[in-house]
Amino acid sequence: MKDVFYRPRDLKKDDLLSYTSNIKEDRTELDLLFQAMPEIAGADYDAKIEEITISNKKVFKVNNNYIVACFEESINEEVIREIAKLKPYHAIFRDSGFSNDSLFANLEQIFRIESPDTEITVLWG
């Protein structure tokens, strides 16, 4: 993750668009997963990781659905609904990955219907 703790006096108006993501540009989806596993979900690095495909999107399942994460771009409602049906303890997404703003806004509602006990985390970037 980038250092996103800036003081307002240190920011320049022309540079604001460069701060729209706190994820470093060279990070892969596995990098994001390995950072999220212990920090967000308390999972160890030696956890079993399985990669599956839902609607042509790469999805990671960690420790038999303890964590289910998708960091792909343009994910749609079908992907989110299928992830929710897996009933993970933690579901992790990237905010720039949603195909539209209304889908992002409805994320919690989809999980409330399909998997109400899932803790949802959305990484900014």
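Cut-offs and rules
- Residues numbered from 1 in each chain as written.
- Predicted model: local features only at pLDDT ≥ 70, side-chain atom pairs only at ≥ 80, totals over all residues.
- Heavy atoms only, no water.
- Pairing = 2+ DSSP bridges.
- Helix = DSSP H or I, 4+ residues; strand = E, 2+ residues; numbered from the N terminus.
- Axes fitted to C-alpha atoms, helices over the stretch in contact; angles between N-to-C directions.
- Contact = heavy atoms within 4.5 Å.
- Buried < 20%, exposed > 50% of the residue type's maximum accessible area, 1.4 Å probe, protein only.
- Polar contact = N/O pair within 3.5 Å; in protein donor to acceptor, adjacent residues only side chain to side chain.
- pLDDT = per-residue confidence, 0-100.

Attention now goes to the sheet that holds strand β3 (residues 67-70). Read from one edge to the other, the open sheet built from five strands follows the order β1-β2-β3-β4-β5, with strand pairing classed as mixed. Every interior strand has two partners, whereas the edge strands, β1 (49-54) and β5 (119-123), have only one. Between one strand and the next, the sheet's axes are offset by a mean angle of 20°, whatever the strand orientation. As paired strands, β3 and strand β4 (residues 90-94) are joined by four bridges and run parallel to one another. Within the sheet, the bridge partner assigned to V68 lies in β4 and is A91. Relative to β5, helix α3 (residues 101-114) is tilted by about 160°, and along the sheet it contacts β4 and β5.

Structurally, I80 is set in helix α2 (residues 77-85). The spatial distance from the C-alpha of I80 to the C-alpha of F93 is 9.4 Å, given a sequence separation of 13 residues. Here I80 is in contact with I75, F93, F98, L103, L107, I110 and F111, once residues within four sequence places are set aside.

Here the focus is the environment of T118. Relative to the elements of secondary structure, T118 occurs in the loop between α3 and β5. A residue is classified by how much of its surface remains accessible, and T118, at 10% relative accessible area, is buried. Once the C-alpha coordinates of T118 and A84 are considered, the two residues, 34 residues apart in sequence, prove to be 8.0 Å apart. Apart from the residues lying within four places of it in its own chain, the contact partners of T118 are K87, P88, Y89, H90, A91 and F111. In this structure the side chain of T118 is engaged in a polar contact, spanning 2.5 Å, whose partner is the backbone oxygen of P88. Polar contacts involving the side chain of T118 include one to the side chain of S115, which spans 2.5 Å.

This paragraph deals with the confidence of the model for the protein. Summing up the model confidence of the protein, the mean pLDDT is 85 and the portion of residues at 70 or higher is 78%. Per-element confidence in the protein is highest for strand β2 (residues 57-62), whose mean pLDDT is 98, and lowest for helix α1 (residues 29-41), whose mean pLDDT is 90. Counted against residues more than four places away or in other chains, residues 16-21, with its pLDDT under 50, gives ten contacts.

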